[in-house]
Amino acid sequence: DALSMGVWDALSTKAANQYALEERAREMWEMENNPEGEIQEMIEIFEEKGLSKEDATTAILAMSKNKEFFVDLMMAFELELEVPSE
């Protein structure tokens, strides 16, 4: 029935949001503890998307200066997850 479908949808959304937030926390930890590795991963991803190594490096190094933004970028490009709004 509609009520149980609504409850299931709400629980599913809550679980997905919780998973995304946990993954974001893990990515933030990785950025704080291994920034070079995370930056290199993103350079490789951007190269796979068609950028030259030089352009990918320039773009990623610029974006990595803002840690919050960069972690959200990693979520989107590395994990294909969207950070839920608060």
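The shown structure was predicted, so the numbers you read here are calculated from the model rather than taken from an experiment.

Rules used throughout
Residues numbered from 1 in each chain as written. Predicted model: local features only at pLDDT ≥ 70, side-chain atom pairs only at ≥ 80, totals over all residues. Heavy atoms only, no water. Core = buried A, V, L, I, M, F, W, Y, C linked by side-chain atoms within 4.5 Å. Buried < 20%, exposed > 50% of the residue type's maximum accessible area, 1.4 Å probe, protein only. Helix = DSSP H or I, 4+ residues; strand = E, 2+ residues; numbered from the N terminus. Contact = heavy atoms within 4.5 Å. Salt bridge = Lys/Arg side-chain N within 4 Å of Asp/Glu carboxyl O. Phe/Tyr/Trp six-rings, centres within 6.5 Å; stacked < 30°, edge-to-face > 60°. Polar contact = N/O pair within 3.5 Å; in protein donor to acceptor, adjacent residues only side chain to side chain. Axes fitted to C-alpha atoms, helices over the stretch in contact; angles between N-to-C directions. Parallel < 35°, antiparallel > 145°, perpendicular 65-115°, else oblique. Left-handed = near helix turned anticlockwise from the far one by under 90°. Nonpolar A, V, L, I, M, F, W, Y, C, P; charged D, E, K, R; others polar.

Colleague: Tell me what's going on with the nonpolar core, and back it up with residues and numbers.
Modeller: M42, F46, I60 and F70 are the most contacted members of the largest nonpolar core, which totals 13 residues. At the level of secondary structure, the elements contributing two or more residues to this core comprise α1 (2-33), α2 (35-48), α3 (53-63) and α4 (67-77). Per element, the largest residue contribution to this core is five residues, and it comes from α2. If we ignore the near neighbours within four places in the chain, the residues touching F70 are M31, E38, I39, M42, I60, M63 and S64.

Colleague: Break down the pattern of salt bridges for me, with residues and values.
Modeller: In the structure shown here, the tally under the stated rule is seven salt bridges. Put simply, E68 and R24 hold a salt bridge, and the shortest N to O gap is 2.7 Å. Of this pair, E68 sits in helix α4 while R24 sits in helix α1; the two residues are 44 residues apart in sequence, bridging distant segments of the chain. A relative accessible area of 45% means that E68 is categorised as partly exposed.

Colleague: Mind laying out the packing of aromatic side chains, listing which residues take part and the relevant values?
Modeller: Evaluated as defined, the whole model comprises one aromatic pair. Judged by centre distance (5.0 Å) and plane angle (50 degrees), the ring pair of F46 and F77 falls under tilted. Taken together, the residues F46 in helix α2 and F77 in helix α4 connect sequence positions 31 residues apart.

Colleague: I'd like to hear about the environment of S64, residue by residue, with values.
Modeller: Its location among the elements puts S64 in the loop between α3 and α4. Looking at S64, the relative accessible area reads 14%, which means it is buried. Expressed as a C-alpha distance, the spacing of S64 and M42, which sit 22 residues apart in the sequence, is 9.6 Å. Separated by 3.0 Å, the side chain of S64 and the backbone oxygen of L61 make a polar contact.

Colleague: Outline the packing of α2 against α3, supporting the account with residue identities and numerical values.
Modeller: Interhelical geometry of α2 versus α3 gives an angle of 135 degrees and a closest axis separation of 9 Å. It follows from the interaxial angle that α2 and α3 lie oblique. As for how α2 packs across α3, the hand of that crossing is right-handed. Counted together, I39, Q40, M42, I43, F46 and E47 of α2 and K53, A56, T57, I60, L61 and M63 of α3 form the full contact between these two elements. Considered class by class, the residues forming the contact of α2 with α3 number eight nonpolar, two polar and two charged.

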